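Fold and contact review
Chain residues, written in single-letter form:
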Amino acid sequence: MALASLEMTRKMKRRDPEAYQRLVKRLFCNELDTEFEESDFIYEPESSRKDSTGCLTGIKRAKSQDVLQITESRVTGLYQVIEYLGLDRNVREEGIFRKSGSLKKQQDLMERIDKGEEINLVDGEFTTHECASVLKTFLGNLPEPLVTNSCYLAHLQVAFLPDNLSSQEDNSAVAEKQIFCTQLLLELIPEEYFKLLKDLLFLLHGVCQREEENKMSSTNLGVIFCTHILSPRSMPPRELQTKLGVLTNATTFLIENPSILFTLPEKLLAEVQSFQFRRNSEGRRSLSKRSSQGGPGVECLIANTVFSFIPMEMEEGAAGEKNEEDDEKESNFVCDQLESTITSQFNLNIEIMNIKK
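Residues numbered from 1 in each chain as written. Predicted model: local features only at pLDDT ≥ 70, side-chain atom pairs only at ≥ 80, totals over all residues. Heavy atoms only, no water.

Thoughts on the environment of Glu72
- For Glu72, the position within the fold is in helix H3 (residues 72-85).
- On the accessibility criterion, Glu72 (69% relative accessible area) is exposed.
- Considering only alpha carbons, one finds Glu72 and Asp114, 42 residues apart in sequence, at a separation of 9.9 Å. (Helix = DSSP H or I, 4+ residues; strand = E, 2+ residues; numbered from the N terminus. Buried < 20%, exposed > 50% of the residue type's maximum accessible area, 1.4 Å probe, protein only.)

Here's what the structure looks like:
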């Protein structure tokens, strides 16, 4: 049943993204005991922030990089960088993501990624720190943070949950609520950002696990990456400074819990299953109502389904001649389909009759 629910959820997300997002947003609001408002998932900037490349990097943006889009060639090069940084010797490197290396080499690597050139990072042409700085620069040049602008305010709500701890709640209950709400919010991220964020957080999690060697804690990484992961590019500098603490805490939370945050919660699976059941039930009632009013109801559905399996004409000549064995197989296939369809529609008719009663 769990696998079936998981597949149903993935299918709904793929085939009906708007309904899926509304369901996720309503579930998020219900968990926080708030009314669902679409405005909670919209960030309207007051003014533009001039530099969003994050701290600790000296690479200047080229004019063509003011708004950097995720293209296939860039993604290929970027994932090479992430994979390289994930090597054991690199995650242990002291000061990774804090030290910068040669600015000229960083610029060269960035340009090669932009052009989609073949890059061999293992040969040592670029150091760990140069690759790490290029990764930060790439993220900073994206048009919006990895969680997207629309989810920024919702992530802030989750970050403030520990501060709003009531006397009836304990720390573990609040932590569970934070995890569940964040799992929901990650489902709202576009696919290209979702995969990039997932790989990045697992990389940063591996880095902070080697803190004794690289001197980079999850909090250190949270300070460095909060502008890339959470903060809208257009956030005014004063607002960024005011909220830096909560942004750092929220990013640190993501870095420390990637394994559980990128799993689908049971509540969401159950909600999708319930939603699909309600949708199917409403469809059956609609068919029953139209049938009782003399309109095209179940009978029309059965007829359309049955006749869709009957060939309208036999094709000859162009497709080549078929031998008798092929004809017999095709005939048996059509008969099986007809029998299966009529049986299922007959069962549906019985269910609708029960609904009428």
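Once the structure has been displayed, the description carries forward.
Concerning empty space enclosed by the protein
- Under the counting rule described, the total for this entry stands at 1 cavity of 30 Å³ or more.
- Quantified by volume, the largest cavity comes out at close to 70 Å³.
- Considering the residues around the largest cavity, the lining is formed by His155, Val158, Ala159, Gln178, Thr182, Ala250, Phe253 and Leu254.
- Among the elements of the structure, helix H7 (152-159), helix H8 (171-186) and helix H12 (237-256) are those that each provide at least two residues to the lining of the largest cavity.
- Among the residues making up the lining of the largest cavity, the classes are represented as 5 nonpolar, 3 polar and no charged. (1 Å grid on protein atoms, 1.4 Å probe; cavity = no way out; pocket = protein on both sides within 12 Å on 5 of 7 lines; lining within 4 Å. Points joined across faces, edges and corners; volume = space filled by probe spheres on them. Nonpolar A, V, L, I, M, F, W, Y, C, P; charged D, E, K, R; others polar.)

Things to note about the nonpolar core
- Within the largest apolar cluster, 58 residues are counted, with the highest numbers of intra-cluster contacts made by Phe97, Leu135 and Ile229.
- If you list the elements that add at least two residues to this core, you get H3, helix H5 (103-115), helix H6 (128-140), H7, H8, helix H9 (191-208), helix H11 (218-229) and H12.
- With 10 residues, H9 is the single largest residue contributor to this core.
- The residues touching Leu135, leaving out its near neighbours within four places in the chain, are Leu78, Val81, Ile82, Leu85, Phe97, Leu200 and Leu203. (Core = buried A, V, L, I, M, F, W, Y, C linked by side-chain atoms within 4.5 Å. Contact = heavy atoms within 4.5 Å.)

Comments concerning the side chain of His155
- Structurally, the position occupied by His155 is in helix H7.
- Those residues in contact with His155 that sit more than four places away from it in its chain are Val147, Thr182, Leu185 and Leu230.

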